[in-house]
Amino acid sequence: MKPVLYIVIPCYNEEEVLPITAPLFLDKIKELVSLDKIDDKSRVMFVNDGSKDKTWEIIKDLASKEEHFVGITQSRNRGHQNAVLAGLMEAKELCDITISIDCDGQDDINAMNEMVDAYADGCEVVYGVRSKRDTDTFFKRFTAESFYKLLNSMGAEVVYNHADYRLVSSRVLNEFANYKEVNIFLRGMFPLVGFKSTSVYYERNERIAGESHYPLSKMLSLAFDGITSLSVKPIRMITGFGVFVAFVSLVLLVYSIVQHILGNTNDGWSSIMVAICFLGGVQLISIGVIGEYVGKTYMETKARPRYIISERTYDEK
Ligand code: UDP
Ligand code: MG
């Protein structure tokens, strides 16, 4: 039996891009159907992430004209990760496999053929990995690659150069639904679920239209969220650093006592100032990092809904 595929596409203020890329996704579905790889009940599912422009109107219009298009909308903007999650959780009841992809045409949709083939070969998760980033500016490439290195060095294991272009079977999504955390970082969480997985490689293109929603500031906060929601390594590093500082202080203590006995205790003003300032800074940073975790714990204990779907272009089952 052929699998039903849902392509899940988060959209935030994409009125310029959607009319261009939507037909491309539709063609891909039709191509895969005609190649006998997927069932004709397959759909392109747009998740409107509380856009402020005409995105939702465009989605509704697409859905009314073509049965392969469906859409859901979040009650307000919740960010990319939550939009993808909403789409995946909605789609898992309706299909056998999902592929999440951005709507801006940057990720090569032709990699989907290989993803679906990998599923047919028994893989439940297929990561889309960018083979090169020639079209990105040096700055974007450098910051993006540092992002993956930073995440991995901080104990948040992610697939290198994999964003959120990924095939996931509904079987895996049903298990994934048990990961109830509110702070979600999908690309770091799917590897935790396990199951047989593989990667397919593709070249990343330039955005077809509109602008990136991920400037450096958002990328840094995503990296920080990724690290703090997946690992406690920063806390451990602070502890390690504390041990190191304590050891250095001990050596200094012995040194001061020796100096005192030798009668050399004069001006030590500068060294005291340096030590006080340095330790003050280190302590503030450390409290800040620990505070992040406390804050996350606070958010998690509230267990607020991770997404709220306010409208669908179809009737809820
Ligand atoms: N997106 C979203 N909610 C947001 C920001 C972005 O759903 O708050 C969507 C956006 O429409 C796009 C995808 O997430 O489909 C990736 O965003 P973008 O292309 O701006 O990021 P980049 O590719 O530059 O990292
Ligand atoms: Mg993009």
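### What to know about the overall build of the protein
And step 1. Within the protein, the secondary structure is distributed over ten helices and eight strands.
And step 2. Radius of gyration (C-alpha) of the protein: 25 Å, far over the 20 Å computed for a compact globule of 317 residues.
And step 3. Reported as C-alpha extents along the three principal axes, the dimensions of the protein are approximately 90 × 40 × 40 Å.
And step 4. In the protein, 83% of the contacts between residues at least 6 apart in sequence involve partners at least 24 apart.
And step 5. Summing over all exposed atoms, the protein offers an accessible surface of approximately 16500 Å²; the carbon and sulfur share of this is 59%.
And step 6. Of the side chains in the protein, 35 bear a positive and 42 a negative charge, and the two mean positions are spaced by 4 Å.

### Topic: helix H1 (residues 18-34)
Counting along an α-helix, one turn takes 3.6 residues, and residues three or four places apart therefore face a common direction.
And step 1. For H1, which comprises 17 residues, the first-to-last C-alpha distance of 24 Å matches the rise-based estimate of 24 Å (1.5 Å per residue) to within 8%.
And step 2. For H1, the full list of buried residues reads Leu 18, Thr 21, Ala 22, Phe 25, Leu 26, Lys 28, Ile 29, Leu 32 and Val 33. In a view along the axis of H1, the buried residues occupy a sector of 155°, so they form one face of it.

### Some words on helix H5 (residues 138-153)
And step 1. The end-to-end C-alpha distance of H5 is 22 Å, a good match for the 22 Å that 16 residues give at a rise of 1.5 Å each.
And step 2. Of all the positions in H5, only Thr 143, Ala 144, Phe 147, Tyr 148 and Leu 151 are classed as buried. One face of H5 carries all of its buried residues, which in axial projection span an arc of 140°. Among the exposed residues of H5, those pointing more than 90 degrees away from its buried face are Phe 138, Phe 139, Phe 142 and Lys 149.
And step 3. Looking at the buried positions of H5, the neighbouring elements they touch are strand E5 (125-130), strand E6 (162-169), helix H7 (186-193) and helix H8 (216-230).
And step 4. Two residues or fewer past H5, Gly 155 is found with a positive phi of approximately 90°.

### Describing the sheet that holds strand E4 (residues 97-100)
And step 1. Taking strand neighbours across the sheet as the criterion, the eight strands line up as E7-E5-E6-E4-E1-E2-E3-E8 in an open arrangement whose pairing is mixed. With one partner strand each, in any of the chains shown, strand E7 (197-202) and strand E8 (309-312) form the two edges of the open sheet. Across the sheet, the axes of successive neighbouring strands diverge by a mean angle of 25°, strand direction being ignored.
And step 2. The sheet contact formed by strand E1 (residues 5-11) and strand E2 (residues 43-48) spans six bridges and is parallel. Bridge pairing links Pro 10 to Val 47 in E2.
And step 3. On the sheet, helix H2 (residues 55-65) packs against E1, E2, strand E3 (69-74) and E8 and is oriented at approximately 150° with respect to E3.
And step 4. Taken strand by strand, helix H3 (residues 80-91) contacts E1, E2, E3, E4, E6 and E8, and its axis lies near 155° from that of E1.

Parameters and conventions
- Residues numbered from 1 in each chain as written.
- Chains lettered and ligands numbered in written order.
- Predicted model: local features only at pLDDT ≥ 70, side-chain atom pairs only at ≥ 80, totals over all residues.
- Heavy atoms only, no water.
- Helix = DSSP H or I, 4+ residues; strand = E, 2+ residues; numbered from the N terminus.
- Rg over C-alpha atoms; globule rule 2.2 N^0.38 Å.
- Contact = heavy atoms within 4.5 Å.
- Areas by Shrake-Rupley, 256 points an atom, 1.4 Å probe, with all protein chains shown as cover.
- Lys, Arg positive; Asp, Glu negative; His and termini not counted.
- Charge placed at Lys NZ, Arg CZ, Asp CG, Glu CD.
- Expected span 1.5 Å × (residues − 1).
- Buried < 20%, exposed > 50% of the residue type's maximum accessible area, 1.4 Å probe, protein only.
- Arc of directions from axis to C-beta.
- Pairing = 2+ DSSP bridges.
- Axes fitted to C-alpha atoms, helices over the stretch in contact; angles between N-to-C directions.

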